[in-house]
Amino acid sequence: MSKIKKITFEVKKYEFHKPFHVTGSISNYATNIEVVLETEDGAKGYGEASPSFRVNGEKVEALYALESSINELLVGMEVRNYRQIFDLMDKYFASPSIKAAVQYATLDAFSEEINVPVYQILGGARTEIEIDKTVSIDTVENMVRDAVEIYNAGHRVIKIKVGEDLKKDIEAVEEIAKLTSGAKYIVDANMGYTPKEAIEFAKVLYSKGIDLGLLEQPVKATDFEGLKFVRYNCPFPVGADESAKTKYDIMRLIKMEAVDFINIKLMKSGISDALAIVEMVKSAHLQLMIGCMGESSVGINQSVNFALGTGAFVYHDLDSALLLKEDTFRGKYISEPPVFKGI
Ligand SMILES: [Mg+2]
């Protein structure tokens, strides 16, 4: 039995290999908080928060200030009783990335204590997953070049960021499709379209014989009616990302029949809500993908172990660590893109 001795936060900044451009936002750096949870027996569990102001309204400074209150709450608790720790961390629902990092660090310390990998603690459903890689918004020429590079590196799931210019977006996807035959496409508008624009985008591509695996978050996060309208007027599966944060959002999306897919990100939901969302979405016979924010290998490790453990996901959009400059790979998984394997 091992009790929590202390929890330490450290701010870490990672530079993107190239600026990461999505609708309304260009990132040069990811600024994350690494969480180290130590037990009285000397086991260390690692977690990482990669906060998104755009999606969750989180700021690093505000999260960092939670270190002492989280210590007050959790020191002395047993990591093997992790559900108790999860329940307490659910109170930090307004700081979901730090909730995720502390919850994961708890599982990681427990994993060290009993010498069982986290993905097996979570169920051990799979031993490997296939990940996508993302083409961010750029000129059509550069987007095609990036997509071909991704395809030639062996990826057969390509994520394409759109949402700022409907006509250019259609051209980019069309040109990418010509040169990457056999690939599946996840097209993510990051809330950039109106419902009517999203339907036009999808119908034009469909009329050209292009098949999308998923159209992700075409409209504003709060426009659940718009999502539903797109879903019922679009030939491709429609997914929620920015609209789908907590398990309560997912309950509403399911009741409204607003989407075909839910994109779970641990940074939006923590481990606790993500576990609940997996079961809710499966019960509603909908489908799941798992995504990321700007996590390094320490943070992507969390999602890789979650995805391997639950085996719940059709698509694994877990490429952020591949997009960041990092001195040392620190994941507890084997990274052989496009495949990640459990250890
Ligand atoms: Mg997305």
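Owing to the predicted nature of the structure, the values given are computational and were not obtained by experimental measurement.

Asker: Explain the overall build of the protein residue by residue, including any values.
Answerer: Scanning the protein from N- to C-terminus turns up 14 helices and 14 strands. Residue burial in the protein is summarised as follows: out of 343 residues, 57% are buried. Of the contacts made within the protein by residues no fewer than 6 positions apart, 74% connect residues no fewer than 24 positions apart. Here the protein displays about 13900 Å² of accessible surface, and carbon together with sulfur accounts for 50% of that area. The protein carries 40 positive and 50 negative side-chain charges, and their two centres are separated by 2 Å.

Asker: Give a detailed account of the sheet that holds strand β12 (residues 315-316), specifying residues and quantitative values.
Answerer: Pairing is parallel across the open sheet formed by eight strands, whose spatial order is β5-β6-β7-β8-β9-β10-β11-β12. Each edge of the open sheet is held by one strand with a lone partner, namely β5 (133-135) and β12. Sheet analysis places β5 next to strand β6 (residues 157-161), joined by three bridges and oriented parallel. Pairing of Thr 134 across the sheet is with Lys 159, part of β6. Along the sheet face, helix α10 (residues 224-233) touches β8 (214-216) and β9 (238-240) and points at about 160° away from the line of β9.

Asker: Could you give an account of the domain arrangement of the protein, naming the residues involved and the relevant values?
Answerer: Each assigned domain of the protein is listed here: domain 1 (4-115) and domain 2 (121-342). A straight line from the C-alpha centre of domain 1 to that of domain 2 covers 23 Å. In this assembly, 42 residues from domain 1 lie in contact with 43 residues from domain 2. Summed over both sides, the interface of domain 1 with domain 2 buries roughly 3500 Å², with 56% coming from carbon and sulfur. For the domain 1 face of the interface with domain 2, the top three residues by lost area are His 21, Thr 23 and Tyr 104, together amounting to 18%. Where domain 1 packs against domain 2, one counts eight salt bridges. Taking the shortest distance from any N to any O, the salt bridge between Lys 18 and Asp 138 comes out at 3.2 Å. Inspection of the region where domain 1 meets domain 2 yields 28 residue pairs in polar contact (both at pLDDT 80 or more). The set of elements that each furnish at least two residues to the side of domain 1 that touches domain 2 consists of β1 (4-22), β2 (25-39), β3 (44-49), α1 (53-56), α4 (82-89) and α5 (96-114). At 13 residues, α5 tops the list of elements feeding residues into the side of domain 1 that touches domain 2.

Asker: Mind laying out the UniProt feature "domain: Mandelate racemase/muconate lactonizing enzyme C-terminal" (unreviewed entry) in the protein, listing which residues take part and the relevant values?
Answerer: In the numbering adopted here, UniProt assigns the feature "domain: Mandelate racemase/muconate lactonizing enzyme C-terminal" (unreviewed entry) to residues 140-237. Along residues 140-237, the helical share is 51% and the strand share 13%, with 24 Å between the first and last C-alpha atoms.

The rules behind the values
All residue numbers refer to positions counted from 1 along the written sequence of the respective chain. Local features are withheld for residues below a pLDDT of 70 in this predicted model, meaning they are given only at 70 or higher, and side-chain atom pairs are given and counted only at 80 or more; totals for whole chains, interfaces and linings count all residues. The basis for every side-chain value is the complete set of heavy atoms in the structure, and neither hydrogens nor water enter the calculation. Secondary structure elements follow DSSP: runs of H or I of four or more residues count as helices, runs of E of two or more count as strands, with numbering from the N terminus. Residue exposure (1.4 Å probe, protein chains only): buried if accessible area is under 20% of the type maximum, exposed if over 50%, otherwise partly exposed. The contact criterion used is simple: two residues touch if any of their non-hydrogen atoms lie within 4.5 Å. All accessible areas in this document rest on Shrake-Rupley with a 1.4 Å probe, and a residue is counted as covered only by the protein chains that are shown. We treat Lys and Arg as the positive residues and Asp and Glu as the negative residues; His and chain ends play no part in the count. In plain terms, the charge of a residue is placed at NZ if it is Lys, CZ if Arg, CG if Asp and CD if Glu. Strands are treated as partners if at least two bridges between them are detected by DSSP. Lines fitted to the C-alpha atoms define the axes, with helices restricted to the stretch that makes contact. Angles between their N-to-C directions range from 0 to 180 degrees. Domain segmentation is taken from an automatic or database assignment of domains. By definition, the buried area sums, over both parts, the 1.4 Å-probe accessible area that each loses when the two are put together. Throughout this description, the term salt bridge denotes a Lys or Arg side-chain nitrogen within 4 Å of a carboxyl oxygen of Asp or Glu. Any N or O atom pair separated by 3.5 Å or less is treated as a polar contact, with the protein-specific requirement of one donor-capable and one acceptor-capable atom, and with residues adjacent in sequence counted only for side-chain atom pairs. UniProt positions are given in the numbering used here, feature names are shortened, and annotations may be inferred rather than shown by experiment.

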